[in-house]
Amino acid sequence: MKFTVHATDGAARSGVLELAHGKVETPVFMPIGTYGAVKAVSPAELLENGTRIVLGNTFHLWLRPGPEVIAAHGGLHRFMGWSGPILTDSGGYQVFSLGELRKITEEGVRFASPVNGDRLLLTPEESMRIQRALNADIVMVLDDCTPYPASERETGESMRLSLRWALRCKRWWEDSRREFDAGARAAEGNANALFGIVQGGMVERLRDESLAGLTSIGFDGYAIGGLSVGESKRDKRRILAHTAARLPADKPRYLMGVGTPEDIVEAVAAGIDMFDCVLPTRNARNGWLFTRRGDTAIATIRARSMRAAGATPARISRAATCIICRKSTRFSARGSTPCTTCTTTRR
C-alpha cells in the first residue's frame with residue numbers, strides 16, 4: 001500500500017491510496033457489503049456511481065458462507081464480482097453488538113452463533129486468518145469496542161485489551177507475511193495493508209495512550225473506533241477533533257461507522273480520509289435519500305420530478321427499468337415484457 005497527500009486546506013486533505021486492486025482518491029466513503037454484496041446495488045452500479053472501494057464484513061462472512069468457501073472462489077473479490085479494492089473490518093463491532101450474548105476474555109470473544117447457535121471463539125489470530133482468506137486490500141485489527149456509557153476505569157481496561165490484541169494481530173500478520181515471502185505467492189502476501197484502531201472512549205488521555213501504543217507497534221494506517229455508539233454529538237466532535245489531529249500525517253486516517261453527510265463534512269475538515277456506514281443504502285431501501293436540502297422521502301422526490309417534466313405517473317412507470325431489465329436478452333425492441341424483478345414494463 002502507498003498513500004500520498006496531494007493537497008491540504010487547513011486540516012482537510014486530499015490524496016490517493018494505491019492498493020493491490022487499484023487506486024482510491026481520498027476523502028472516500030466506503031459502502032458496506034455485509035455478506036459480500038452491497039444490498040440492492042450491483043457491482044456495475046457501484047462503478048457507475050463512482051464507488052472505488054467497498055467494505056466487507058468479516059464476522060458475517062465467517063459465519064456464512066465461511067472463509068474456506070470464499071477462498072475456494074479465489075477470495076472475496078471474485079466471490080462478489082468486484083474488481084476494485086476492498087476493506088474488511090475485524091468483526092469486533094459485530095461482537096460488541098451481541099451485548100450479553102458474548103463473553104470477552106484475554107484470549108478473545110466467546111459467543112453463540114446467531115445463525116445456528118454454535119459456540120464460537122473469535123481471537124485476534126482467527127480474525128487475521130479469516131481476513132487473509134478473504135484477501136482484502138485493507139485489513140483491520142480485532143479490537144474491543146468500548147460501550148457507552150462506561151467509567152474511566154472500564155474504558156481504560158477495554159482500551160488496553162485492544163492494544164494487546166492489536167499486538168497479537170500484528171505478530172500473526174508478520175508471521176503470515178513471512179510464510180508468503182517464502183512461497184510463490186509472495187507478491188500477493190505483501191499486497192495487503194493492516195490498520196490499527198484507536199480506542200479510549202470519551203477520555204482524551206486514554207485516546208492518546210491508545211494511539212501511542214499503536215504507533216509503537218506500527219501499522220499501515222490508523223482508524224478511530226468507538227464513536228457513534230450512543231454518545232452525544234458534542235462528545236463525538238470533541239473526541240474526533242482531539243484524536244484526528246494526532247494521527248500520523250503520512251498514513252491514511254479512517255473514521256469507522258460514521259456516515260451522515262454532516263458527520264462526513266465535519267470529519268473531512270478534521271483531517272479524516274476514509275469513512276463507512278450502513279446509512280446511505282439502508283435509508284435508500286426504506287425510501288429516503290440524502291439531498292442538499294436534508295433527508296427527503298423518495299416518493300416526494302419522484303413526485304417533484306414528474307411535475308417538473310409534465311409527466312403522468314403511468315408514463316414514469318413505463319419508463320422505469322432496473323439493471324436486470326436493461327441487460328436482459330428477454331426484451332426486444334418490437335414489444336414489451338413485464339419485468340419480474342422491478343414489476344415495471346420496458347418498452
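This write-up is about the structure you can find in this document. Note that the structure is predicted; figures quoted are calculated from it, not measured.

Quick look at the nonpolar core now. Core analysis: the largest hydrophobic core is formed by 74 residues, its most contacted members being Leu87, Ile138, Met140, Leu240, Tyr254, Leu255 and Met274. Here this core gets 7 residues from one element, more than from any other, and that element is helix H7 (residues 152–181). Once residues within four sequence positions are removed from consideration, Met274 is found in contact with Leu17, Val28, Met30, Leu87, Ile138, Phe195, Pro252, Arg253, Tyr254 and Leu255.

With that settled, consider helix H11 (residues 261–270). Every buried residue belonging to H11 is among Asp263, Ile264, Ala267, Val268 and Ala270, and all of these are buried. Viewed along the axis of H11, the buried residues span an arc of 155 degrees, placing them on a single side of the element. For H11, the exposed residues lying more than 90 degrees away from the buried face are Glu262 and Val265. Backbone geometry just downstream of H11 places Gly271 in the positive-phi region, at approximately 105 degrees.

This part takes up the pattern of salt bridges. Per the counting criterion, the structure on display carries 15 salt bridges. A salt bridge links Lys236 to Asp263, with the shortest nitrogen-to-oxygen separation between them at 3.3 Å. Taken together, the positions of Lys236 in helix H10 (residues 233–244) and Asp263 in helix H11 put the pair 27 residues apart, joining distant regions of the chain. Both residues of the pair, Lys236 and Asp263, count as buried.

Okay, the environment of Glu106 next. Locating Glu106 in the fold gives a position in the loop between strand E8 (102–104) and strand E9 (109–112). Among the residues examined, Glu106 registers a relative accessible area of 40% and is labelled partly exposed. For the pair Glu106 and Leu161, spaced 55 residues apart in sequence, the C-alpha separation works out to 7.1 Å. Leave out the neighbours within four places in its chain, and Glu106 touches Leu161, Arg164, Trp165 and Arg168.

All right, on to the side chain of His77 then. Tracing the backbone shows His77 in helix H4 (residues 76–80). Of the residues examined, His77 reaches a relative accessible area of 8% and is grouped as buried. The residues touching His77, leaving out its near neighbours within four places in the chain, are His21, Trp82, Ser83, Gly84, Pro85, Ile86, Asn135, Ala136 and Asp137.

Enumeration according to the criterion identifies 4 aromatic pairs in this entry. Taking the centre distance of 5.5 Å and the plane angle of 40 degrees together, the rings of Tyr93 and Phe96 count as tilted. Within this pair, Tyr93 and its partner Phe96 are both found in helix H5 (residues 92–97), separated by 3 residues, close to a single helical turn. Consider the rings of Phe219 and Tyr222, whose centres lie 6.2 Å apart with planes at 90 degrees: the pair is edge-to-face. With respect to burial, Phe219 and Tyr222 carry one shared label: buried. Among the aromatic side chains, those forming a connected cluster through ring pairs are Phe59, Trp62 and Phe111. A cation over an aromatic ring shows up here: Arg132 above the ring of Trp173, its NZ or CZ 4.4 Å from the ring centre.

Conventions adopted
Residues numbered from 1 in each chain as written. Predicted model: local features only at pLDDT ≥ 70, side-chain atom pairs only at ≥ 80, totals over all residues. Heavy atoms only, no water. Core = buried A, V, L, I, M, F, W, Y, C linked by side-chain atoms within 4.5 Å. Buried < 20%, exposed > 50% of the residue type's maximum accessible area, 1.4 Å probe, protein only. Helix = DSSP H or I, 4+ residues; strand = E, 2+ residues; numbered from the N terminus. Contact = heavy atoms within 4.5 Å. Arc of directions from axis to C-beta. Salt bridge = Lys/Arg side-chain N within 4 Å of Asp/Glu carboxyl O. Phe/Tyr/Trp six-rings, centres within 6.5 Å; stacked < 30°, edge-to-face > 60°. Lys NZ or Arg CZ within 6 Å of the ring centre and 35° of its normal.

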